[in-house]
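Here's the letter readout for the chains.
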Amino acid sequence: MKVASIINALLLCQSAAAAAAGSSGSRIAAPAATTATAFTPGAPPLFAGETVQLTDNVLRNLTASLQHENVSSLFAFGDKHPPPQSPRQCKAMPGDAAWPSPSTWELFAQLLGGSLLRPAPLAAPCYADWPEYDNATCYKLSMNWFNSSMHINHPTSVMNPLYTGRSCMAFGFNYTSTCTEGGYATYVVNASSVAQIQLAVNFARNANLRLVVKNTGHDFSGKSAGKGALSVWTHALNDRAFYPSFAADGGYVGPAIKLGAGVQAFVAYEFAKQNNVTVVGGEGVTVGLAGGYTLGGGHSPLSGLYGMAADQVLALQVVLADGRFITATATQHPDFYWMLCGGGGSTIGVVTSITVKAYPRLPTTTVTFNFTVASAPGPAAFWAGVEAYIDNIERLVDAGTYAYYDLGASSLQRGTNYPGDTDYYLRIQSLLAPNMTIPETQRLLQPWFDTLDRLHIAYTPVYHHADNFHDAWKPAFPQEYMGGANTKIASRLLPRQAYHDAGLRRRNFLAHKDAVAQQKGYSIAGFHLTGKGKAAPQPPRNAVLPAWRDTLTHAIVVAQWNSSASWAVVKERSLGLTRWMQALRDLGDSGVYMSEADLLEPALQEAFYGANYPRLYALKQRYDPWGVFFALTAVGAEDWVVRVEDPLPLSWNNNGRLCPRG
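Residues numbered from 1 in each chain as written. Predicted model: local features only at pLDDT ≥ 70, side-chain atom pairs only at ≥ 80, totals over all residues. Heavy atoms only, no water.

Focus on the overall build of the protein chain
Next, step 1: Broken down by element type, the protein chain carries 21 helices and 22 strands.
Next, step 2: Rg of the C-alpha trace for the protein chain: 25 Å, near the compact-globule value of 26 Å for 662 residues, within the 12% margin.
Next, step 3: Once the C-alpha set of the protein chain is aligned to its principal axes, its extents read approximately 85 × 55 × 50 Å.
Next, step 4: For the protein chain, buried positions account for 64% of its 662 residues.
Next, step 5: Approximately 23,300 Å² of the protein chain is accessible, and the part contributed by carbon and sulfur atoms is 54%.
Next, step 6: Looking at the protein chain, you have 48 positive and 46 negative side-chain charges, and the mean spots of the two groups are 2 Å apart. (Helix = DSSP H or I, 4+ residues; strand = E, 2+ residues; numbered from the N terminus. Rg over C-alpha atoms; globule rule 2.2 N^0.38 Å. Buried < 20%, exposed > 50% of the residue type's maximum accessible area, 1.4 Å probe, protein only. Areas by Shrake-Rupley, 256 points an atom, 1.4 Å probe, with all protein chains shown as cover. Lys, Arg positive; Asp, Glu negative; His and termini not counted. Charge placed at Lys NZ, Arg CZ, Asp CG, Glu CD.)

Following this line, the structure appears as structure tokens:
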């Protein structure tokens, strides 16, 4: 049987799956696959692209057609080829003798049905030595470089290119006059079916390629980047389904929503509104719910009511490191279910969809306001107003509210312009009060506002109320602007004792002030919240970092430099920020949110995973002995190093060869 015949036959299966998708609007490409059963007890029916799966029979036909076992074995499942006993090797890179031949890549592309991409970096049109060079396109890129959707819709771009080595940036954001592929993936599988993902995972494992997974590229640590990597891009998996009554494994019975891996927060919220329910997701418009957001825990404007995003998961569909496709629930494949609910992305598999709890329609109020040193009698009054906010956070969190605040020194009220800038501001980007009216929200804020009034600080709160979460959230949480490589973040989950204890609360405030006002030049993007919801007082036993349950603030501290800064400046500012964060670490035993964190965090495994780490690491070794899945800071990352090509220490970004440690 010829390869072309195999592919043509399998295209018929793909066409049937596309027809089954009906009017869902999902784009389904053509992989090598067969149509599988669409229903698993304890989970909703599979989406059309999930029914198109790689099988042993398909692989047998491929082997018979090729009559070249060394090539056909590159696509075999991992259970057919147990992990070798020899030590792991560095992942193959373009130019290596072990890198697959052009004909092998062509065969891979055929099996994928045309979904294999070889993309240039997003900013390549700005550079004359790239075929994509075009002045008009470059101008548009430079004018829109902070438009996060532009990076999301590109196969390899990420929102923080610091972690790709600043290798190819639009003009105005570049520190060199050259464009290289750097830490961006070399090939991309634009996945629309499970079979395509299985082929990619099997090929990466058997050919010893670095594998990365990109959903949106929203992760602040660049987990979806990797030099010389094969990337699985799940952005096109946009199916969604609502179930008014769903009986899940584990005992939950009630409304549920199933979301493809590519569904972003704004789409999920709109879909929930259409079905008269509410779903837990990120505050950011572009966050991909089924990606590293939920897998890493996922804080939400609704966490004060319902807990973390990972707490909502009822079922996941996932392709594992051996290439097999499973449904994971509380009772089916419970190890994977436990790991994927909070243990981090890029660790154990490629999620194709999640099913989550849905809640009743939720009346919601938001309020936005700011005050600056210019609207206060002077710096002392301004900082007293900031301290008054910190004094009120415990009470505000206990009422179920969530707020996103910015503290810095800039006349533009974004970040801090330079060390010593005295244009202080506190901006409540939005405070969200679920299940509250405007008068109830006003009464809740009044004690803080009374203090601001006594201090003669001018402020003008703008309230918005809607009878559903989506319509209150949408105007209050605009799209974030990302894309530059001129910032480095570190973060800390600040526990209740840092607010409840008067002495620690004072030190908490002084740390906030020191970061901005004492020649540090930092800014703070903070969230007052809790990871233990009022309506869910007993969170499920999942892999969410335990420190989340006692958190009252997730504080991100930001260091900045000019886009043209040297790597020496980047290194110095990065190390300085990591050292400074000890002021927040000393406020109590806690941890760090892995998706918005410092790669250089001391005792990283304990900080990101807490008491869950030994079990997470043991399961990682058991189910991915090959080291197929890797990301900086992910479970098992300590077994590998990135041999960074920039003048930086190992594993400071993804611009380098991935090798076993030691």
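Topic: the state of the cysteines
Next, step 1: In the structure shown here, the tally under the stated rule is three disulfides.
Next, step 2: Between cysteine 126 and cysteine 138 runs a disulfide, and the two sulfur atoms are separated by 2.1 Å. Handedness here is read from the sign of the S-S torsion; for cysteine 126 and cysteine 138, about 100 degrees, the answer is right-handed. Pair noted here: cysteine 126 is in the loop between β3 (116–117) and α6 (135–143) and cysteine 138 is in helix α6, with a separation of 12 residues, a long-range link. The pair cysteine 126 / cysteine 138 is uniform in exposure class, with both members buried.
Next, step 3: At a sulfur-sulfur separation of 2.1 Å, the disulfide partner of cysteine 168 is cysteine 179. On the sign convention where negative means left-handed, the S-S torsion of about -95 degrees between cysteine 168 and cysteine 179 marks this disulfide as left-handed. On the criterion of sequence distance, the pair formed by cysteine 168 in the loop between α7 (148–152) and β4 (187–190) and cysteine 179 in the loop between α7 and β4 is long-range, its members being 11 residues apart. Here cysteine 168 and cysteine 179 have matching classes, each one buried. (Disulfide = S-S within 2.5 Å.)

Topic: the pattern of salt bridges
Think of it this way: side chains of opposite charge can pair up when their charged atoms draw near.
Next, step 1: Tallied over the full model, the rule gives 22 salt bridges.
Next, step 2: One salt bridge connects glutamate 394 with arginine 496, and the closest N-O pair in it is separated by 2.9 Å. Taken together, the positions of glutamate 394 in helix α13 (residues 379–398) and arginine 496 in the loop between β18 (487–495) and α16 (497–500) put the pair 102 residues apart, joining distant regions of the chain.
Next, step 3: Given the relative accessible area of 27%, arginine 496 is considered partly exposed.
Next, step 4: Residues lysine 620 and aspartate 624 are paired through a salt bridge, measuring 2.8 Å at the closest nitrogen-oxygen approach. (Salt bridge = Lys/Arg side-chain N within 4 Å of Asp/Glu carboxyl O.)

So, the pairing of strand β15 (residues 402–409)
Next, step 1: Counting buried residues along β15, eight of its eight residues qualify, which places the element largely inside the surrounding structure.
Next, step 2: Side chains Tyr402, Tyr404, Asp406 and Gly408 of β15 all project onto a buried face; the interleaved residues Ala403, Tyr405, Leu407 and Ala409 project onto the opposite face, where all are buried too.
Next, step 3: As judged from the eight bridges shared by β15 and strand β16 (residues 424–434), these two strands associate in the antiparallel manner. Its bridge partner lying in β16, tyrosine 402 is registered against leucine 432. (Pairing = 2+ DSSP bridges.)

A short note on the packing of aromatic side chains
Next, step 1: For the structure shown, the criterion picks out 36 aromatic pairs.
Next, step 2: Consider the rings of phenylalanine 371 and phenylalanine 382, whose centres lie 5.5 Å apart with planes at 65 degrees: the pair is edge-to-face. Pair noted here: phenylalanine 371 is in strand β14 (residues 364–372) and phenylalanine 382 is in helix α13, with a separation of 11 residues, a long-range link. Accessibility classification places phenylalanine 371 together with phenylalanine 382 in one group, the buried group.
Next, step 3: A centroid spacing of 5.9 Å and a plane angle of 75 degrees characterise the contact between tyrosine 522 and tryptophan 580, whose relative ring orientation is edge-to-face. (Phe/Tyr/Trp six-rings, centres within 6.5 Å; stacked < 30°, edge-to-face > 60°.)

With respect to the pairing of strand β7 (residues 240–247)
Next, step 1: Pairing of β7 with strand β8 (residues 253–260), which is carried by six bridges, proceeds in the antiparallel orientation. Note on β8: the bridge partner recorded for phenylalanine 246 is glycine 254.
Next, step 2: What sits between the antiparallel neighbours β7 and β8 is a turn of five residues, in which glycine 250 has the positive phi angle 100 degrees.

Section: the sheet that holds strand β20 (residues 551–560)
Next, step 1: Sheet architecture is open: seven strands sit in the order β17-β14-β16-β15-β19-β20-β18, paired in antiparallel fashion. Edge positions in the open sheet fall to β17 (462–466) and β18, since each of these has one partner strand only. The sheet shows a mean angle of 10 degrees between the axes of neighbouring strands, direction not considered.
Next, step 2: On top of the sheet, helix α15 (residues 469–476) reaches β14, β16 and β17; it is set at about 150 degrees to β17, its chief contact. (Axes fitted to C-alpha atoms, helices over the stretch in contact; angles between N-to-C directions. Contact = heavy atoms within 4.5 Å.)

Here we look at the nonpolar core
Next, step 1: The biggest cluster of nonpolar side chains holds 120 residues, and the ones touching the most others in it are Phe75, Trp105, Phe108, Leu116, Phe203, Leu230 and Leu316.
Next, step 2: Sequence-distant contacts of phenylalanine 203, defined by excluding residues within four places in its chain, comprise Leu74, Phe75, Pro100, Thr104, Trp105, Phe108, Asn208, Leu209 and Leu230.
Next, step 3: By size, the runner-up hydrophobic cluster in this structure holds 54 residues, among which are Ala376, Ala381, Val386 and Tyr389. (Core = buried A, V, L, I, M, F, W, Y, C linked by side-chain atoms within 4.5 Å.)

Some remarks on the confidence of the model for the protein chain
Low-pLDDT portions of the prediction should not be read for the details of their coordinates.
Next, step 1: When the pLDDT values of the protein chain are averaged, the result is 92; 93% of them are 70 or greater.
Next, step 2: Across residues 11–33 the pLDDT falls below 50, and counting only partners more than four positions away or on other chains, this stretch makes 49 contacts in the model. (pLDDT = per-residue confidence, 0-100.)

Considering the domain arrangement of the protein chain
Next, step 1: Per the domain assignment, the segments of the protein chain are domain 1 (116–236 + 611–660), domain 2 (240–360) and domain 3 (364–608).
Next, step 2: For domain 2 and domain 3, the distance between their C-alpha centroids amounts to 26 Å.
Next, step 3: Contact with domain 2, which involves 33 residues of that partner, is made by 36 residues of domain 3.
Next, step 4: Between domain 2 and domain 3, the buried area comes to about 2,700 Å², and carbon and sulfur atoms account for 65% of it. (Domains from an automatic or database assignment. Buried area = accessible area lost by both parts, 1.4 Å probe.)

Details of the side chain of histidine 512
Next, step 1: Relative to the elements of secondary structure, histidine 512 occurs in helix α17 (residues 502–517).
Next, step 2: Among the polar contacts listed, one links the side chain of histidine 512 to the side chain of tyrosine 405, at a separation of 2.9 Å.
Next, step 3: Side-chain polar atoms of histidine 512 contact the backbone oxygen of asparagine 508, separated by 3.0 Å.
Next, step 4: The residues touching histidine 512, leaving out its near neighbours within four places in the chain, are Ile390, Tyr405, Leu407, Leu494 and Ile524. (Polar contact = N/O pair within 3.5 Å; in protein donor to acceptor, adjacent residues only side chain to side chain.)

Regarding the sheet that holds β3
Next, step 1: Within the open sheet, the four strands sit side by side as β3-β4-β6-β5. Their pairing is mixed. One side of each edge strand has no neighbouring strand; the edge strands of this open sheet are β3 and β5 (211–214).
Next, step 2: Each of β4, β5 and β6 (230–233) touches helix α8 (residues 194–206); the most contacted strand, β6, lies at about 160 degrees to it.

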